[in-house]
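Coordinates in review
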Amino acid sequence: MRVPRAFWHVRNAEREPGVADRRAGGRPPGEPAGPRAAQEPAARYGLLLLLLILTYLLSASGFSTLVAEVQTLLFFGVLLLALRTGQASRRTAVLIGIVALLGSIVAVVAASGHTRGGDGAADIWKALILLLTAVLIVRRVLARPTVTVQSIYGALSAYLILGLMYAAFYAAIERLGGGPFFAHHQPANTQTFQYFSFTTLTTLGYGDFTAVGNSGRALAVVEALTGQVFLATLVARLVAAFRSPTERARIEGAGEARPARRRPPGYAGHGSRMSYHRKPPAGRGRPAPGPPLPGSPGPSGRPDPPGRPGSPGPPRSAGDP
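This report concerns the structure included in the present document. (Residues numbered from 1 in each chain as written. Predicted model: local features only at pLDDT ≥ 70, side-chain atom pairs only at ≥ 80, totals over all residues. Heavy atoms only, no water.)

**Overview of the packing of aromatic side chains**
Using the following cut-off: Ring pairs are drawn from Phe, Tyr and Trp, using the six-membered ring of Trp, whenever the two centres fall within 6.5 Å, and their geometry is named by plane angle: stacked under 30 degrees, edge-to-face over 60, tilted for the rest. Numbering of helices and strands starts at the N terminus; helices are DSSP runs of H or I of at least 4 residues and strands are runs of E of at least 2.
Under the defined criterion, the tally for this structure stands at 12 aromatic pairs. Residues Phe-181 and Phe-193 carry aromatic rings whose centres are separated by 5.6 Å and whose planes lie at 75 degrees to one another, so their mutual orientation is edge-to-face. With Phe-181 in the loop between helix H7 (149-176) and helix H8 (190-201) and Phe-193 in helix H8, the pair connects residues that are 12 residues apart, well separated along the chain. On the basis of an interplanar angle of 10 degrees and a centroid distance of 6.4 Å, the ring pair of Tyr-195 and Tyr-206 is categorised as stacked. Residue Tyr-195 is found in helix H8, and its partner Tyr-206 is found in the loop between H8 and helix H9 (214-241); the two are separated by 11 residues along the sequence.

Set out below in structure tokens:
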């Protein structure tokens, strides 16, 4: 009988754990990933971090009028990079990208009128885009089984995004509210809002800019709490659990080099339903045969005749010798 070739493929895959992975185009469980697989995600988060730093520097520079017009598009690019790096499905990412593009175009058109209502609506849209971006990044960072440079880049990017997001909310409160945002009639523009946001996020509290309204003060308290929780939980956890690629490969190699314990064929693991007691040998544990009954068939299947061993014979009288 000819055995199908697929049977031998299955048998080889069972004997060698890495055979099925190599034929499927992957890599064995203990084999480290190639340089491209290890560096590509980190480079994408590095690009996101560089874009955020560039956006903040342009906002803090003297080209505030130019940045105010293109800041919405820059934040839209940040969202696209976060979608590319995140775990969202392709259909969900495309849907979010289309909605974000349409909303960004509407926000740019509204801000181009240089009215308080249009600028406030554009600031709210920028804050919502940054909020969604921060959620995607934090979710992706927490979902990774190991902490790498990519995780550190993602945490830093999310921290910068939080500062820019609260700055956009402060600007929306000032432009949509009735009174000034800062006390003592301090100037309210993109630079001062970002300065106030990051000093509040890091709990520096210089005191030169102070929110005068209740909504601004409440949002500043929320930002200060968010910054402390973010640094004390996520960033501290990532830094403590960070391992370099060399150290991580050494730990994985030490775990794989440990030989597996061989079990006897009759071993039953914890939780299995196999019995630990051996079956008794043949003949053991059965009751011993008793004496044959009168008139019972003998070994040949016939009743024993009188006088033979195993048969009581005819009854004897009292006078018989």
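**Topic: the side chain of Ser-197**
What counts is decided by this rule: Here a residue-residue contact requires only that any non-hydrogen atoms of the pair lie within 4.5 Å.
Locating Ser-197 in the fold gives a position in helix H8. Apart from residues no more than four positions distant in its own chain, Ser-197 is found in contact with Gly-163, Tyr-166, Ala-167, Tyr-170 and Glu-223.

**Thoughts on unusual backbone geometry**
Stated precisely, the cut-off is as follows: Burial classification: accessible surface area is computed with a 1.4 Å probe over protein chains only, and a residue below 20% of its type maximum counts as buried, one above 50% as exposed, and the rest as partly exposed.
A positive phi angle, near 55 degrees, is found at His-185, a position not held by glycine. Relative to the elements of secondary structure, His-185 occurs in the loop between H7 and H8. Classification of His-185 by relative accessible area gives exposed; the value is 71%. A positive phi is found at Thr-203, a non-glycine position, where the angle reads about 55 degrees. One can find Thr-203 in the loop between H8 and H9. Under the relative-accessibility criterion, Thr-203 is labelled partly exposed at 40%.

**A look at the pattern of salt bridges**
Applied cut-off: One side-chain nitrogen of Lys or Arg within 4 Å of one carboxyl oxygen of Asp or Glu is enough to make a salt bridge.
For the structure on display, the rule yields three salt bridges. One salt bridge connects Glu-174 with Arg-116, and the closest N-O pair in it is separated by 3.7 Å. Linking Glu-174 in helix H7 with Arg-116 in helix H6 (residues 116-143), this pair joins segments that are 58 residues apart in sequence. The exposure class of Glu-174 is buried, given its relative accessible area of 12%. Residue Arg-116 is classed as partly exposed on the basis of its relative accessible area, which comes to 45%. Lys-126 is paired through a salt bridge with Asp-123; the nearest N and O atoms lie 3.2 Å apart. Here Asp-123 and Lys-126 lie together in helix H6, a separation of three residues that amounts to about one turn. A residue is classified by how much of its surface remains accessible, and Lys-126, at 7% relative accessible area, is buried. Taken together, the salt bridges that share partners define one network made up of Asp-123, Lys-126 and Arg-175.

**Topic: the nonpolar core**
Counted only if it meets this: To define a nonpolar core, start from buried Ala, Val, Leu, Ile, Met, Phe, Trp, Tyr and Cys residues and group those joined through side-chain atoms within 4.5 Å.
Core analysis: the biggest nonpolar cluster contains 46 residues, and Ile-137, Tyr-170 and Phe-196 have the highest contact counts within it. Broken down by secondary-structure element, the contributors of at least two residues to this core are helix H3 (35-60), helix H4 (64-85), H6, H7, H8 and H9. Take this core: its biggest share by element is 12 residues, from H7. Beyond its immediate chain neighbours, meaning those up to four positions away, Ile-137 contacts Tyr-45, Leu-48, Ala-82, Gly-154, Ser-157, Ala-158 and Ile-161.

**A word on a nonpolar patch on the surface**
Threshold: By definition, no residue in a patch forms a salt bridge, and every one has over 30% relative accessible area; like charges are joined within 9 Å, nonpolar side chains (Val, Leu, Ile, Met, Phe, Trp, Tyr) within 5 Å. Note on areas: these come from Shrake-Rupley sampling with a 1.4 Å probe, and a residue is covered only by the protein chains present in the view.
Taken together, the side chains of Ile-124, Leu-128, Leu-131, Val-135 and Leu-176 present a nonpolar region at the surface, about 410 Å² in accessible area. Structurally, the position occupied by Leu-128 is in helix H6.

**Here we look at the packing of H6 against H9**
This is how it is decided: Lines fitted to C-alpha atoms define the axes here, with helix axes fitted over just the stretch in contact, and angles between the N-to-C directions of these axes take values from 0 to 180 degrees. Any angle from 65 to 115 degrees is called roughly perpendicular, while one under 35 is roughly parallel, one over 145 is roughly antiparallel, and all others are oblique. Whether a crossing is left-handed or right-handed is set by the direction in which the near helix is turned from the far one by less than a right angle, anticlockwise for left-handed and clockwise for right-handed. Gly counts as polar in this scheme, as do all residues outside two lists: the nonpolar Ala, Val, Leu, Ile, Met, Phe, Trp, Tyr, Cys and Pro, and the charged Asp, Glu, Lys and Arg.
Two elements in contact, H6 and H9, have axes separated by 11 Å at closest approach and are oriented at 40 degrees. As judged from the angle between their axes, H6 and H9 are oblique. Considering only the axes of H6 and H9, their crossing is left-handed. Contacts from Val-138, Val-141 and Leu-142 in H6 reach Phe-230, Leu-234, Arg-237 and Leu-238 in H9. The class makeup of the residues in the contact of H6 with H9 is six nonpolar, no polar and one charged.

**So, the packing of H6 against H7**
Helices that pack against each other are described as a pair by the angle of their axes relative to one another and the distance between those axes. With their axes 8 Å apart at the nearest point, H6 and H7 run at an angle of 160 degrees to one another. Between H6 and H7, the crossing angle belongs to the class labelled roughly antiparallel. H6 and H7 meet at a crossing whose hand is left-handed. Tallied by class, the residues present in the contact of H6 with H7 amount to 19 nonpolar, seven polar and seven charged.

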